[in-house]
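Chain by chain, the residues:
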Amino acid sequence: MNYSNIIYLRKELDKIKVLFKKGEFKLVIQKSKTLLKKNPNQAIIYNFIGLSYIQLNEIENALEIFLLSNQKLPSEPSTLCNIGIAYKNLDNISKAKDYFNKAININSRHLPSYINLGHLENNLNHTEKAADYYLKAYHLNNNSEEVLTYLILSLSAQGKFFEAKKIILELNKKFPENTKSYHLYSKIHKYALEDPHQKLMLNKIDTPGLNYEDLSNLHFALAKSFSDQKNDEKFVHHTLKANDTKFKTFKNYNFKLEKAQFEQIKKQYGNFDSQNQKNNKGENLIFIVGLPRSGTTLLHQIISSHSGAFGAEESHVMSDFFIKKFKNKNSLANFFSNELVNRDTCTKLANEILSKYEMYDQNKIIVDKMPFNFKWIGFIKILFPHAKIIHSNRNPVDSAFSIYRNMFDSPGIGWAYNQDYITEYVNLYSDLMIFWKKELGDFIYESHYEKLVTEQVSETKNILEFCNLKFEDNCVNYTNNNIPSKTISVYQVRSKIYKSSLNLSDKYSKYFPFLKEVKKKAP
């Protein structure tokens, strides 16, 4: 390749890179394929095409282009890593690991492969293994914002708060524009009066040019700090600001879609005859469901402390499966008309889901605490009639208040930052749970958060009996077991059960009027 061609190629790749950052993935694919015709041995072009397909959720197409690149350039670590990413997206964990390790075998300093191995283990809640990979990545490049962030999250999940705080301060120093770090710090820190970290945040929030995401990170962190200091006035001020700015980041949010989904769930299940879909599956599955901030993490820590159980945290296995089925009218009609009505197909679907849960641990009962699985309880019953469903039933006003005062990692719950939408969502949830109880009765165990907090031992025994698990002291002394937690409750799960959260919303109903509406409409 002559010099002029090299210059031309660089300019074209720069243009494609800009398009990729802008999210113009179809255009990236189009331009990259044109460029590829004259440059068939450039791995970066294949990578742009494949990664764009991944962004468009066309994983098979991505894998095809990466494998083609690998045929031409078998020793290119970036291609091997991207093949691993494609297999990971297809839930082929063993092949994903294989290709990440192949990349590392060729280049022992290939940072993206260590990061992706960390992601893979983290998704399986193998937190210590994930931390090892993130730490290796850190030693390779401790000036990577991505590496520092994931190492912080991993250390926090293990309860290593002192170590996590050190890395957060390092992140602050190296990337002062990163406001997420302030929120991460606030989650694992108890603020005293005149706390220096609070002063840093108060100075930071006055920085000109902060966007809505930056402002929400800082306001949520400041609200937490003033709550710790029992300064109600400033806690309320920053909570309102936090939710207002966070909600503005959801530019195209449409709550009508949430309502439509709830209506479809009830309609489809109500019209479906599940009597012929009997199988013996689900004995190794426990689902903890409920509203966010309803006590699902506490239940998860208690049950996962049992020697026969593995805590999968908020697994996306079941929720992702049903979200795809309810994606549009065609997929929904096919699910009910062709898949669920056929016993063999239904069994095949159940086996596919089980194989994904077995990636966590093949020998233990898997505990999935994704709260939004409350939507799919009836369909879980069809696929896994021997599974256990535990409904974490908390005073809905306390849950609503806790939802409003916290920021979630999930990108799809815009309703959580709007008082009116929270009220409506709680009503939709309550209505659906009444529907499921009427349809399924004792298939669902009602674990009342207030009873679990005030009568821990007896309620723990009742829960374990429902799960067909023998009582173990570990389940009462769950704080000694170092079970990883990656949720908002990352700090709370390291503490013993406390009763101060009971009816806490009563104190704040005068500041947040929607709480009175939630209480008025509660069943």
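Nothing here was measured: the structure is a model prediction, and the numbers come from that model. All residue numbers here refer to positions counted from 1 along the written sequence of the relevant chain. Restriction of local features to residues with pLDDT of at least 70 applies here, the model being predicted, together with a cutoff of 80 or more for giving and counting side-chain atom pairs; totals for whole chains, interfaces and linings are based on all residues. Water and hydrogen atoms play no part in the side-chain values, which are based on all heavy atoms of the structure.

A. Local environment of the side chain of His126. Mapped onto the elements, His126 comes out in the loop between helix H7 (111–123) and helix H8 (127–140). A simple rule labels every residue: compare its accessible area, found with a 1.4 Å probe on the protein chains alone, to the largest value its type can have, and call it buried under 20%, exposed over 50%, or partly exposed in between. The class of His126 is buried, set by a relative accessible area of 18%. Every residue pair with non-hydrogen atoms within 4.5 Å of one another is taken to be in contact. Excluding residues within four positions of it along the chain, His126 makes contact with Glu121, Phe310, Met359 and Tyr360. Helix numbering and strand numbering both begin at the N terminus, where a helix is a DSSP run of H or I of at least 4 residues and a strand a DSSP run of E of at least 2.

B. Broad picture of helix H11 (residues 180–187). With seven of its eight residues buried, H11 lies for the most part within the structure. If you check which residues of H11 are buried, you get Ser181, Tyr182, His183, Leu184, Tyr185, Ser186 and Lys187. In this structure, the buried residues of H11 make contact with helix H9 (145–157), helix H10 (161–174), helix H12 (196–204) and helix H13 (212–228).

C. Spatial organisation of the pattern of salt bridges. A side-chain nitrogen of Lys or Arg and a carboxyl oxygen of Asp or Glu constitute a salt bridge if their distance falls within 4 Å. Under the defined criterion, the tally for this structure stands at 18 salt bridges. Note that Glu424 and Lys259 form a salt bridge whose closest N and O atoms lie 3.5 Å from each other. On the criterion of sequence distance, the pair formed by Glu424 in helix H22 (residues 419–440) and Lys259 in helix H15 (residues 255–270) is long-range, its members being 165 residues apart. Among the residues examined, Glu424 registers a relative accessible area of 29% and is labelled partly exposed. Put simply, Lys190, Lys224 and Asp228 are held in one network by salt bridges that share partners.

D. Fine view of the environment of Lys95. Its location among the elements puts Lys95 in helix H6 (residues 93–106). The partly exposed category is assigned to Lys95, whose relative accessible area is 39%. Taking C-alpha positions, Lys95 is 15 Å from Ser355, a pair spaced 260 residues apart along the chain.

E. Quick peek at unusual backbone geometry. Residues other than glycine seldom take positive phi values, yet Lys230 does so here, at roughly 60°. In this structure, Lys230 sits in the loop between H13 and helix H14 (232–247). In this structure, Glu313 is a non-glycine residue whose phi angle is positive, near 60°. With respect to the helices, strands and loops of the structure, Glu313 is situated in the loop between strand E2 (309–311) and helix H17 (317–325).

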